Amino acid sequence: MANKRALKKQINLISEELFSEFIAASLYGNNPKESDIENVLFSVAKLQQHFISRISHPEPGMPADKYYKDLREQFSAQVSEILDHINNL
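Residues numbered from 1 in each chain as written. Predicted model: local features only at pLDDT ≥ 70, side-chain atom pairs only at ≥ 80, totals over all residues. Heavy atoms only, no water.

J.: Hey, could you run me through the environment of isoleucine 11 in this one?
T.: By the secondary structure assignment, isoleucine 11 is in helix α1 (residues 4–28). By relative accessible area, which is 3% here, isoleucine 11 ends up buried. Spatially, the C-alpha atom of isoleucine 11 lies 6.7 Å from that of glutamine 48, the residues being 37 residues apart in sequence. Residue contacts for isoleucine 11: discarding those within four places in its chain leaves Gln48, Phe51, Ile52, Ile55 and Phe75. (Helix = DSSP H or I, 4+ residues; strand = E, 2+ residues; numbered from the N terminus. Buried < 20%, exposed > 50% of the residue type's maximum accessible area, 1.4 Å probe, protein only. Contact = heavy atoms within 4.5 Å.)

Now the structure itself:
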């Protein structure tokens, strides 16, 4: 298990990359609807905030390594989902 600081940095970095990827796709791709733009931007911001707060406050009664492994898997799944939305714009 990586320490909490490194995990937070990785989540922030991936969120920034998602944001920049979305900006590039919206500028150079088709003209997406305004509501689609807002939805994707909101989901990236919500993803970052949600997982950063989960790192600081783990679930009680759950072993730490299992908790952080589950957190990484859920984060990866949601990042993939957001990337699919970006690619479909």
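Now, onward.
J.: Where do I start with helix α2 (residues 34–56) in this structure?
T.: Here α2 spans 34 Å end to end across 23 residues, near enough to the 33 Å set by a 1.5 Å rise per residue. On its buried face, α2 is in contact with α1 and α3 (64–87). (Expected span 1.5 Å × (residues − 1).)

J.: Is there a simple way to explain a nonpolar patch on the surface in this structure?
T.: Residues Phe19, Ile23, Leu27 and Tyr28 make up a contiguous nonpolar surface patch of roughly 470 Å² in combined accessible area. Take tyrosine 28: it is sitting in helix α1. Its relative accessible area of 72% is what places tyrosine 28 among the exposed residues. (Patch = residues over 30% accessible without salt bridge, like charges linked within 9 Å, V, L, I, M, F, W, Y side chains within 5 Å. Areas by Shrake-Rupley, 256 points an atom, 1.4 Å probe, with all protein chains shown as cover. Salt bridge = Lys/Arg side-chain N within 4 Å of Asp/Glu carboxyl O.)

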